[in-house]
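The primary structure of each chain is shown beneath.
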Amino acid sequence: METDISKLVIPRHVALILDGNGRWAKKRGLPRTAGHKQGCVTVEKTVEDAARLGIDYLTVYGFSTENWKRSVEEVGALMQLFRYYLKRLLKIARVNNVRVKMIGDRTRFDQDIIEGIDRLESETADNTGMTFVIAVNYGGRDEIRRAVKQMMRDAKSGILDPDAVTEDTVASYLDTAGIPDPDLLIRTSGEIRLSNYLLWQLAYSEIYITDCLWPDFNREELVKAIAQYNTRERRFGGAK
């Protein structure tokens, strides 16, 4: 029976860990790159589905700081896919009035990729629909490390008073400054760990794990996760 969307509270911000591309390909006797390609198609569809469901922010874990440890061939293939989908995403964003933002340390990428990221952000900056956030060369610990370094510089120069630092101050130095924390984290393929993703921001997010491999993820799976979210009671550490 199809879930009645009209009766659900739609989370404002959904974060996704896109896991299972390699296993999806292996099950079909295909190279891992085929799984990544199909995973990119799923990202496109999910952006459109999320925007139509009324989600305000969708954040996906595209490429982690640890992913550089993979084989040279796989990393190279991922970079080529990234180049291709930077252009594809621009078209999708225009059609769906989506604003795109990249988080992570982009300095390690080749110059053409950096320019593609900059263009995607600048050309969608005035879109008023859903904000689609892509974490690339991103790691939660690295994000916090970079934030602390900048805070120390600002404290040294007198811009920041250490005694006045609050949680909001720290959040303002993170890559996600100005973006609300995720209400719901969805991880595909059945793995139960955060994998160094949004470590600060996920402090009180509801977590939903599905055995569905990322390339098979669809609107029905997204709605199922949101329906499960609606059964949770969020107390943020307070008593019932």
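Let us look at the structure shown here.

Calculation rules
- Residues numbered from 1 in each chain as written.
- Predicted model: local features only at pLDDT ≥ 70, side-chain atom pairs only at ≥ 80, totals over all residues.
- Heavy atoms only, no water.
- Helix = DSSP H or I, 4+ residues; strand = E, 2+ residues; numbered from the N terminus.
- Rg over C-alpha atoms; globule rule 2.2 N^0.38 Å.
- Buried < 20%, exposed > 50% of the residue type's maximum accessible area, 1.4 Å probe, protein only.
- Lys, Arg positive; Asp, Glu negative; His and termini not counted.
- Charge placed at Lys NZ, Arg CZ, Asp CG, Glu CD.
- Phe/Tyr/Trp six-rings, centres within 6.5 Å; stacked < 30°, edge-to-face > 60°.

**Regarding the overall build of the protein**
Counting its regular elements, the protein contains 7 helices and 6 strands. Reading the helices (α) and strands (β) of the protein from amino to carboxyl end gives β-α-α-β-α-β-α-β-α-α-β-β-α. Taken against the 2.2 N^0.38 rule, which gives 18 Å for 240 residues, the C-alpha radius of gyration of the protein at 18 Å falls within 12% of a compact globule. Taken along the three principal axes of its C-alpha coordinates, the protein extends 55 × 50 × 35 Å. A total of 240 residues make up the protein; the buried ones form 48% of that total. The distance from the centre of the 36 positive side-chain charges to the centre of the 35 negative ones in the protein is 4 Å.

**Notes on the packing of aromatic side chains**
All told, the structure shown has 8 aromatic pairs when counted by the stated rule. Seen from their ring centres, Tyr-84 and Tyr-85 are 4.8 Å apart, and the 90° between their planes marks the pair as edge-to-face. Its relative accessible area of 46% is what places Tyr-84 among the partly exposed residues. Tyr-85 sits in the buried class, given a relative accessible area of 11%. Taking the centre distance of 5.0 Å and the plane angle of 25° together, the rings of Trp-214 and Phe-217 count as stacked. Residue classification places Trp-214 among the buried residues on the basis of a relative accessible area of 1%. Each member of the aromatic cluster is reached from another via a ring pair, and the members are Phe-63, Trp-68, Phe-82 and Phe-109.

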